[in-house]
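What follows is the residue order along each chain.
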Amino acid sequence: MNAAQNFVEQTYQLSNRAPGAARRFVRSVFAQRAERGAAELAVSELITNVIHHATSTPRVTVRVSQAPVIRLEVVQHPSETPHPATPAPGTSRSWPQRTELTGRGLGIVDAISQDWGYERRGNDLVAWCEIPAT
Amino acid sequence: MNAAGPPLEVSSAQDGRWTLITVSGDLDISTVVTLFDAVNNSNGDVAIDLADLRFVDSSGLSTLLEIRSERTLILVTPSNAVIKLLKLAQLSDAFTVGRGVGPPYLGHQALSSTL
């Protein structure tokens, strides 16, 4: 990662509400930029993917940088003692569980991004993507 | 909920064998259940007016696919957010898309041919 990247960040409790909260944050950061929609979609997909898969991640931090490249990071902070994924508030039995949902979400991230991936940072797992400037 | 109001608003109207469900706001993991409940509480064929859907992601897309697998479904006047997501997911041809204002909501031609 380029050391010159200048990040702003917000931390959220991991729940079904985190994607919407993170989108509002990204929307404010990218208020004047054409890439706002793509950035909102990317962060929503990355956090939703954590909700579906993380087993011991009570909190995530969203980090956003606009220059020199548009980079979004979703940092998963593991709890010290692993616990089952937090059932998200508002989830009901009628929520359709589709195993292909997650793959589709990352496929969308792939379609939006010029590059994306995962990396370890200490105990944290970081999902990141870089969005081409338009 | 937040100061800006509910993230997703849903209303339903019956018109013959069709139920027209109008949604506005954000369709994501926290709100898909609202749409799914509206569909489950309706009868017959389903048209979902998406003109005012500001945001939708893969959670919303999966729910639309789920609805399509169970009911006759038409997506009516999808917003740019919907059209972009369908393109990104390479699912532009997966749904019947219409511009009509009343049953069967197709208008003169299916929008899918222009996506």
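Residues numbered from 1 in each chain as written. Chains lettered and ligands numbered in written order. Predicted model: local features only at pLDDT ≥ 70, side-chain atom pairs only at ≥ 80, totals over all residues. Heavy atoms only, no water.

Here we come to the packing of helix α1 (residues 18–29) of chain A against helix α2 (residues 36–53) of chain A. Residue and element names in this part refer to chain A. Interaxial distance between α1 and α2 falls to 9 Å at its minimum, and their mutual angle equals 155 degrees. Taken together, the axes of α1 and α2 are roughly antiparallel relative to one another. Once α1 is placed against α2, the crossing between them reads as right-handed. Across the interface between the two elements, A18, P19, A22, R23, V26 and R27 from α1 touch R36, A39, E40, V43, S44, I47, T48 and I51 from α2. Looking at the contact of α1 with α2 residue by residue, the classes come out as 8 nonpolar, 2 polar and 4 charged. (Axes fitted to C-alpha atoms, helices over the stretch in contact; angles between N-to-C directions. Helix = DSSP H or I, 4+ residues; strand = E, 2+ residues; numbered from the N terminus. Parallel < 35°, antiparallel > 145°, perpendicular 65-115°, else oblique. Left-handed = near helix turned anticlockwise from the far one by under 90°. Contact = heavy atoms within 4.5 Å. Nonpolar A, V, L, I, M, F, W, Y, C, P; charged D, E, K, R; others polar.)

The next subject is the confidence of the model for chain A. Taken residue by residue, chain A gives an average pLDDT of 83. The fraction at 70 or more is 80%. This model gives residues 81–102 of chain A a pLDDT under 50, and the stretch forms 37 contacts once residues within four places in sequence are excluded. (pLDDT = per-residue confidence, 0-100.)

Its volume calculated, the second largest pocket comes out at about 480 Å³. Lining the second largest pocket are 20 residues; nearest its centre among them are R36, G37, A38 and L41 of chain A together with K84 of chain B. Those elements that provide at least two residues to the lining of the second largest pocket are α2 of chain A together with β3 (45–56) and α3 (80–88) of chain B. Class assignment for the residues of the lining of the second largest pocket results in 11 nonpolar, 3 polar and 6 charged. (1 Å grid on protein atoms, 1.4 Å probe; cavity = no way out; pocket = protein on both sides within 12 Å on 5 of 7 lines; lining within 4 Å. Points joined across faces, edges and corners; volume = space filled by probe spheres on them.)

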